[in-house]
Amino acid sequence: MAIKVLEINTVCQGGSVGRITVDICRALEKNGDNCLIAYGRRGAPEGVPAFRFGSNLSMGLHVLSTFLKGEHGFASGRQTQRLLDKIKDYDPDVIQLHNIHGFVLQTELLFNYLKDAGKPVIWTLHDCWPYTGHCAFYDYNACAGWKEGCRSCHECRKTYPYALFRNNAAQNFERKRAAFTGLPKLTIVTPSAWLAGQVSESFLREYPVKVIPNGIDRSIFQPRESERRRQLGLEENFIVLGAANVWERRKGLAYFQRMAEMLPDDVRIVLIGLDKKQRRGLPAKIIGLGKTENAAELAEYYTMADVFVNATLEDNFPTTNLEALACGTPVITFDTGGSPESLDESCGRVVQKGDLKALCEAILAEKEAPHGKEACLKRAGLYGKNERFQEYVTLYHELADRPQAHA
């Protein structure tokens, strides 16, 4: 029997979570179900059933509320009411939450409604914001304040969502705990076992948790012939690739800059996703490129590289690792968060967090004894989006207590 699912996310287009949201919607449609994506910012891909509840003005005011009052997730009341009116009108069987932060929602209003509505809710945690007083990520700062109420937080000005003028983390923690607990039909999904373990120590531990790894489109992310090496003048070089949507501090840009000084002259580093400021003044061994939203182009860069290095200091379950493997490129990463979970010894190497020397040694070891392309492709086969997102479809039907229309 077909069901109706409403997905809620900050965006519907762009970024890994936006792509995941759309892919789940398409998996539902393929199964004969109905889906609507409600989003707060930017636009939606053509042909995707979507409703934008946010506005540019609302987002701007929410940014000011975060900067000035430190109250991220507690503004945009009018836009949240628009969302609630749409939920009532659409009357879904299951509500799927993704990122509900990002300057678009008054989360207390949303959860008050969810508690009254009594519908099954799935909340996929793509970062740690839901159970902290402020931060989306904290492990790279070795912070455990979220276990005790974020009463001594000193990171608000330096970390997203950037409370520049007021540290309100302790109060926000209590407001979130009151809002996000006590929902009788909530199931939490995490893409990594690491995050599932963190949730079990948080105030969200009252809810059942299911691990569903992220998936990628292997019809796009696959080995691709291109002229990228020739265009960059790197035909004779061993290429180390790094990529990030935003090269914030935890993504490890500083490690690449220091590696450039330590690696041999025939090794070149290519970084994708840098802004103009970051591209200025890079070491000679680093080629800095801007962001690309073209997935096929990104796959060409993955295929071009000899190794993909993810020097993240904290991550949930990065899709960049999966994309590289699907293009036949081995991965080296720090032992941080869920980043190593997509690898095994056949396709990658894991080094201790922050160990620059070990990172360089792993690159040189890969240069001397490379992992085979076939092993990388085999490992990537575990993370095809059709298989992974079918797990969501199955879960929706279980929670709605309706058999699937199609197996």
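Residues numbered from 1 in each chain as written. Predicted model: local features only at pLDDT ≥ 70, side-chain atom pairs only at ≥ 80, totals over all residues. Heavy atoms only, no water.

Trainee: Is there a simple way to think about the sheet that holds strand 6 (residues 186–190) in this case?
Mentor: Within a sheet, neighbouring strands are paired by backbone hydrogen bonds and run either parallel or antiparallel to one another. An order of 3-2-1-4-5-6-7 is seen for the seven strands of this open sheet, with the pairing classed as parallel. Unpaired on one side and paired on the other, strand 3 (50–52) and strand 7 (209–211) mark the two borders of the sheet. For this sheet the average axis-to-axis angle between neighbouring strands, irrespective of direction, equals 20 degrees. Relative to strand 5 (residues 121–124), strand 4 (residues 94–97) runs parallel, the two being bridged by three bridges. Note on strand 5: the bridge partner recorded for Ile 95 is Val 121. In the packing of helix 1 (residues 15–30) onto the sheet, the strands contacted are strand 1 (4–11) and strand 2 (34–41), and the crossing angle to strand 1 comes to about 165 degrees. (Pairing = 2+ DSSP bridges. Helix = DSSP H or I, 4+ residues; strand = E, 2+ residues; numbered from the N terminus. Axes fitted to C-alpha atoms, helices over the stretch in contact; angles between N-to-C directions. Contact = heavy atoms within 4.5 Å.)

Trainee: Please clarify how the sheet that holds strand 13 (residues 348–351) should be interpreted in this entry.
Mentor: Spatially, the six strands line up as an open sheet ordered 10-9-8-11-12-13, and their pairing is parallel. Of all the strands in the sheet, the pair left with one neighbour each is strand 10 (286–289) and strand 13. In this sheet, neighbouring strand axes are inclined to one another by 20 degrees on average, regardless of whether the strands run parallel or antiparallel. In the sheet, strand 8 (residues 238–243) pairs with strand 11 (residues 307–310) via two bridges, with the strands oriented parallel. If you follow Val 240 over to strand 11, its bridge partner there is Val 307. Contacts between helix 11 (residues 319–326) and the sheet are confined to strand 8, strand 11 and strand 12 (331–334), with strand 11 contributing the most and set at about 175 degrees to the helix.

Trainee: Honestly, the pattern of salt bridges in this entry has me stumped. Any pointers?
Mentor: When their charged atoms lie close together, side chains carrying opposite charge are able to pair. Tallied over the full model, the rule gives 22 salt bridges. With a shortest N-O distance of 2.6 Å, Arg 230 and Glu 227 are connected by a salt bridge. A relative accessible area of 47% means that Arg 230 is categorised as partly exposed. One salt bridge connects Asp 265 with Lys 285, and the closest N-O pair in it is separated by 3.5 Å. (Salt bridge = Lys/Arg side-chain N within 4 Å of Asp/Glu carboxyl O. Buried < 20%, exposed > 50% of the residue type's maximum accessible area, 1.4 Å probe, protein only.)

Trainee: Whenever I open this one, helix 4 (residues 107–117) confuses me. Can you help?
Mentor: Think of an α-helix as turning once every 3.6 residues; residues three or four places apart then point the same way. Within helix 4, burial applies to Thr 107, Glu 108, Leu 110, Phe 111, Tyr 113 and Leu 114. Along its buried surface, helix 4 packs onto strand 1, helix 3 (77–90), strand 4, strand 5 and helix 5 (169–180). Backbone nitrogen of Glu 108 and a side-chain oxygen of the N-cap are separated by 2.8 Å at the start of helix 4; the cap is Gln 106. Of the residues one or two after helix 4, Gly 118 is the one with positive phi, at around 70 degrees. (Polar contact = N/O pair within 3.5 Å; in protein donor to acceptor, adjacent residues only side chain to side chain.)

Scope: geometric values only; no functional claims are made or implied.
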